[in-house]
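Each chain, written out:
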Amino acid sequence: MDKSFAYKQPINVTGNTLSVDNWYKSVDYFDAGQYLNSIEYLLKYLDNSITFNGKTNDIHLKLHHGSLLVDFTIKDGFYYISASFVKLPDTAKVPIMRQVIELNFSYLVLSKIVLENDEMYFKFQDRIENCEPYKLYYILEEICYCG
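So, here is what we can say about the structure in this document. (Residues numbered from 1 in each chain as written. Predicted model: local features only at pLDDT ≥ 70, side-chain atom pairs only at ≥ 80, totals over all residues. Heavy atoms only, no water.)

**Overview of helix α2 (residues 35-46)**
For clarity, the threshold we go by: For the purposes of this entry, the term helix denotes a DSSP run of H or I that reaches at least four residues, the term strand denotes a run of E that reaches at least two, and both are numbered from the N terminus. For a helix, the expected span equals 1.5 Å multiplied by the number of residues minus one. Three exposure classes are used, based on accessible area relative to the maximum for each residue type with a 1.4 Å probe and protein chains only: buried under 20%, partly exposed in between, and exposed over 50%. Residue contacts are defined here by distance: any two heavy atoms, one from each residue, within 4.5 Å place the two residues in contact.
Taking 1.5 Å of rise per residue, the twelve residues of α2 would be expected to cover 16 Å, and the 17 Å separating its terminal C-alpha atoms lies within 8% of that figure. The buried count for α2 comes to ten of twelve residues, which makes it a mostly enclosed element. Those residues of α2 lying buried are L36, S38, I39, E40, Y41, L42, L43, K44, Y45 and L46. The inward-facing, buried residues of α2 contact α1 (20-31), β1 (59-65), β2 (68-75) and α4 (133-146).

**Some words on the nonpolar core**
For the record, the criterion: By nonpolar core is meant a set of buried Ala, Val, Leu, Ile, Met, Phe, Trp, Tyr and Cys residues that side-chain atoms within 4.5 Å join together.
Counting residues in each nonpolar core, the largest one holds 34 residues, and the members touching the most others are I39, L43, V70, F72, I74, Y79 and I81. Mapped onto this core, the elements with two or more residues apiece are α1, α2, β1, β2, β3 (78-87), β5 (119-127) and α4.

**Brief notes about the pattern of salt bridges**
Note the threshold: When a carboxyl oxygen of Asp or Glu lies within 4 Å of a side-chain nitrogen of Lys or Arg, that pair is called a salt bridge.
Within this structure, the stated rule accounts for six salt bridges. The partner of R127 in a salt bridge is E129, with the nearest N and O atoms 3.2 Å apart. A residue is classified by how much of its surface remains accessible, and R127, at 39% relative accessible area, is partly exposed. By relative accessible area, E129 is classed as partly exposed at 33%.

**As for the pairing of strand β4 (residues 112-116)**
Rules: When DSSP finds two or more bridges between two strands, those strands count as paired.
Across five bridges, β4 lies against β5 in antiparallel orientation. Within β5, the position partnered with I113 by the bridge is F122. Counting the residues that bridge the hairpin from β4 to β5 gives two residues, and of these N117 lies at a positive phi of roughly 50 degrees.

**Topic: the pairing of β5**
Note: β3 against β5, nine bridges, orientation antiparallel. Note on β5: the bridge partner recorded for F78 is R127.

**Remarks on the side chain of S26**
Residue placement: S26 occurs in helix α1. We classify S26 as buried; its relative accessible area is 0%. If near-sequence neighbours (up to four positions away) are discounted, S26 is found in contact with S38, Y41, L42 and P133.

**Describing the packing of aromatic side chains**
Any aromatic ring pair is given by two values, namely how distant the centres are and how the planes are angled relative to each other. Just so we agree on the cut-off: Pairs were defined over the aromatic rings of Phe, Tyr and Trp, the Trp ring being its six-membered one, requiring ring centres within 6.5 Å. Orientation was assigned from the angle between planes: stacked under 30 degrees, edge-to-face over 60, tilted for the rest. Charge-over-ring contacts are defined here by two conditions on Lys NZ or Arg CZ: a distance within 6 Å of the ring centre and an angle within 35 degrees of the ring normal.
What the rule picks out here adds up to twelve aromatic pairs. Ring geometry for Y79 against F124: centres 6.0 Å apart, planes inclined by 40 degrees, an arrangement best described as tilted. In this pair, Y79 is assigned in strand β3 and F124 in strand β5, connecting sequence segments 45 residues apart. Pairwise contacts between aromatic rings join W23, Y45, Y134, Y137 and Y138 into one cluster. K44 extends its terminal NZ or CZ atom over the ring of Y41, reaching a point 5.0 Å from the ring centre.

**As for the packing of α1 against α2**
For any two helices packed against each other, one specifies the inter-axial angle together with the distance between the axes. The following threshold applies: Here an axis means a line fitted to C-alpha atoms, over the contact stretch when the element is a helix, while the angle between two N-to-C directions is reported on a 0 to 180 degree scale. Note that the term roughly parallel is reserved for angles under 35 degrees, roughly antiparallel for angles over 145, roughly perpendicular for angles of 65 to 115, and oblique for everything else. Rotating anticlockwise by less than a right angle from the far helix to the near helix defines a left-handed crossing, while the corresponding clockwise rotation defines a right-handed one. Residues are grouped as follows: nonpolar covers Ala, Val, Leu, Ile, Met, Phe, Trp, Tyr, Cys and Pro; charged covers Asp, Glu, Lys and Arg; every other residue, Gly included, is treated as polar.
At a minimum axis distance of 8 Å, the contact between α1 and α2 shows a crossing angle of 165 degrees. Between α1 and α2, the crossing angle belongs to the class labelled roughly antiparallel. The handedness of the crossing between α1 and α2 comes out as left-handed. Residues V20, N22, W23, K25, S26, Y29 and F30 of α1 lie in contact with α2, whose contacting residues are Y35, N37, S38, Y41, L42, K44 and Y45. When its residues are assigned to classes, the contact of α1 with α2 shows eight nonpolar, four polar and two charged.

Written out as structure tokens, the structure is:
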């Protein structure tokens, strides 16, 4: 590989930035049907420095977790999570594809790895009404841990 991603501090270093109050706010906002606020406080639970303007329904965040860059987008009533995983080399594609299939069918439960133009991405999308905090947390954890 000619290039590798730069290492950035993870989204959450255990015990460093967790805010239990923000977790409960996220759950309360979800129960009240205020989904954008629920997502905002879930992300603040992970890292208090993450903020976005809740006045708009189009939100795009880039969250660093080690060498992984997680794109989190809210648009048109959906939320999208994507993270670049690996670029396929010209040779040895089959062994990499076998490993990816193993991840897709064993470890990954909610997200999946997809191939787009010789690059593999972790992907997940769902309606904003389905952004239950536990679900969203486990999607991010699954992608960050596997990536």
